[in-house]
Amino acid sequence: MIDSFGRPITYLRLSVTELCNLRCRYCMPEEGICKLRHDELLTEDEMIRAVRAAARLGVTKLRITGGEPLTKPNILSICRRACRVPGIVDTGITTNAIRLPEMAVPLREAGIRRVNISLDTLNPEKYAYITRRGNLSEALRGLDAALGAGFEKIKINTVLIGGFNDGEIPSLAALTKQYPIDVRFIELMPMPGGAGFGQECYLPAAKVLEALPEAKPEQEEGVARLYRLPGAQGRIGLISPLSRHFCASCNRIRVTADGKVKPCLHSAEEIPLKGLDDDGMLEQLRRAILNKPCCHQELSALNRSQAARGMNQIGG
Ligand code: SAM
Ligand code: SF4
């Protein structure tokens, strides 16, 4: 379906849980979040119904996210059923990788084609600091498992944080030489629920290029500007929601674990799906697409996202 500003909406991000086994400082509070009642969450059948309705409206690409999707007990069943919905041809999952050692092969077998792994540092102490509880070696074992499971594409997502990991840009980018994976640097977004980061933490993604003068541009893909290091197997991506937002070409809608459609990541508007049948969901998704704003306001340390929830509740 085409939205009111002529953008084809082809991409659904489905958050299957807001719970997580980590507590990344930019994403959620240390104490976690109030657990929703079971009856407030979309059931597995409702999630599949939402995917089916989205596919009927022209969505072809699905990403499963969270919270941490691999903590959801029925995640394999959700993936298996969602990947089989007619019209959905491109399926991915975004994960912190902690549970990938046991889940990578079953996810691939369930039909997931692409995996995005969040990894902000290669330093064990810094990893423990930014995730508040994570163990870097577990995440790296997860990456290894993904590499061995036959996914069509693996990407690392790194949130660029001034004074924290900007000194690691070359070593993170070097992963594209070591492995056939892309590493994407994402500008830190000022989201509710995230810790207060000072202005100095919000770096423009262009800083990545200053640290990688040998990187050569490649064709843009989706929201990322792409580059390649000499001889690298994978590419470097820059995702710039602050310094160069991509609203004009935004093709996505989001559904939260409690069944709210978000027409825009940074707006407070949410349209409920919980309890609806196929036609009801179709109508609500249509409404969400027609209500998609042309763009979000400029974001900065002082001008925070208008989203009504944290990233762990939206799914990125
Ligand atoms: N738990 C999974 C993970 O971390 O990959 C999936 C959910 S997480 C909310 C999805 C993505 O959002 C991650 O790549 C994470 O780094 C990113 N993210 C979370 N908070 C962010 C923020 N404030 N700014 C930029 N990216 C953020
Ligand atoms: Fe959890 Fe992902 Fe948020 Fe980190 S970014 S707290 S892993 S949901």
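The structure reproduced in this document is the subject of the present report. (Residues numbered from 1 in each chain as written. Chains lettered and ligands numbered in written order. Predicted model: local features only at pLDDT ≥ 70, side-chain atom pairs only at ≥ 80, totals over all residues. Heavy atoms only, no water.)

## Concerning the packing of aromatic side chains
And step 1. One pass over the full model with this rule turns up one aromatic pair.
And step 2. The interplanar angle of 40 degrees and the centroid separation of 6.2 Å between the aromatic rings of Y129 and F164 together place this pair among those described as tilted. Remark: F164 occurs in the loop between β5 (153-160) and α6 (169-173) and Y129 occurs in helix α4 (residues 124-131); sequence separation between them is 35 residues.
And step 3. Sitting above the plane of the Y129 ring, R25 keeps its charged end 3.8 Å from the centroid.
And step 4. The ring of Y11 is capped by K61, whose NZ or CZ atom sits 4.4 Å from the centre of that ring. (Phe/Tyr/Trp six-rings, centres within 6.5 Å; stacked < 30°, edge-to-face > 60°. Helix = DSSP H or I, 4+ residues; strand = E, 2+ residues; numbered from the N terminus. Lys NZ or Arg CZ within 6 Å of the ring centre and 35° of its normal.)

## Structural notes on unusual backbone geometry
And step 1. We note that A97 has phi near 80 degrees; this positive angle belongs to a residue other than glycine.
And step 2. For A97, the position within the fold is in the loop between β3 (90-95) and α3 (100-110).
And step 3. Classification of A97 by relative accessible area gives buried; the value is 0%. (Buried < 20%, exposed > 50% of the residue type's maximum accessible area, 1.4 Å probe, protein only.)

## Brief notes about the site of ligand 1
And step 1. Close contacts around ligand 1 come from 19 residues, with Y26, G67, S118, M189 and M311 the closest.
And step 2. Between ligand 1 and G67 there is a distance of 3.0 Å, counted from a nitrogen atom to a backbone nitrogen or oxygen.
And step 3. M189 places a main-chain nitrogen or oxygen 2.8 Å from a nitrogen atom of ligand 1.
And step 4. In the complex, 95% of the free accessible area of ligand 1, which totals 540 Å², lies under the protein chains.
And step 5. Grouping the constituent residues of the shell around ligand 1 by class yields seven nonpolar, ten polar and two charged. (Near = heavy atom within 4 Å. Polar contact = N/O pair within 3.5 Å; in protein donor to acceptor, adjacent residues only side chain to side chain. Areas by Shrake-Rupley, 256 points an atom, 1.4 Å probe, with all protein chains shown as cover. Nonpolar A, V, L, I, M, F, W, Y, C, P; charged D, E, K, R; others polar.)

## Brief notes about the pairing of β3
And step 1. When you tally the buried positions in β3, you get six out of six residues, the bulk of the element.
And step 2. With burial as the criterion, each face of β3 is covered, one bearing D90, G92 and T94 and the other bearing T91, I93 and T95.
And step 3. With four bridges joining them, strand β2 (residues 61-65) and β3 adopt parallel strand pairing. Note that in β3 the partner of R63 across the bridge is G92.
And step 4. With helix α2 (residues 75-83) bridging β2 and the parallel β3, this β-α-β connection has right-handed handedness.
And step 5. Taken together, the four bridges between β3 and strand β4 (residues 114-118) define a ladder with parallel strand orientation. Its bridge partner being in β4, T95 is matched across the sheet by I117. (Pairing = 2+ DSSP bridges. Right-handed = clockwise from strand over helix to strand, strands pointing away.)

## A word on the pairing of β4
And step 1. Viewed along the sheet, the connection from β3 through α3 into β4 turns out right-handed.
And step 2. Relative to β5, β4 is paired through five bridges, and the arrangement is parallel. Of the residues in β5, the one forming a bridge with N116 is K155.

## Notes on α2
And step 1. Of the positions making up α2, those classed as buried are I75, I78, C79, A82 and C83. Each buried residue of α2 lies within a common arc of 115 degrees when the element is viewed along its axis, so the set occupies one face.
And step 2. The secondary structure elements touched by the buried residues of α2 are α1 (44-56), β2, β3 and α3. (Arc of directions from axis to C-beta. Contact = heavy atoms within 4.5 Å.)

## Here's the deal with the pattern of salt bridges
And step 1. A full pass over the atoms with the stated rule returns 24 salt bridges.
And step 2. For R108, the salt bridge identified is with E152, shortest N-O distance 3.8 Å. Here the residue R108 occupies a position in helix α3, and E152 occupies one in the loop between α5 (136-148) and β5, the gap between them amounting to 44 residues.
And step 3. Under the relative-accessibility criterion, R108 is labelled partly exposed at 24%.
And step 4. For E152, a relative accessible area of 47% corresponds to the partly exposed category.
And step 5. In this structure, E168 and K126 form a salt bridge, with 3.1 Å as the shortest nitrogen-oxygen distance. Separated by 42 residues along the polypeptide, E168 in the loop between β5 and α6 and K126 in helix α4 bring together distant segments of the chain. (Salt bridge = Lys/Arg side-chain N within 4 Å of Asp/Glu carboxyl O.)

## A word on α1
And step 1. With 13 residues, α1 should cover 18 Å at 1.5 Å per step; its first-to-last C-alpha distance of 18 Å lies within 8% of that length.
And step 2. Residues E44, E46, M47, I48, A50, V51, A53, A54 and A55 constitute the buried set of α1.
And step 3. For α1, the secondary structure elements touched by its buried residues are β1 (11-15), β2, α2 and α9 (278-290).
And step 4. Within two residues after α1, G58 carries a phi angle of roughly 110 degrees, on the positive side. (Expected span 1.5 Å × (residues − 1).)

Don't take any of this as a statement about function, it's just geometry.
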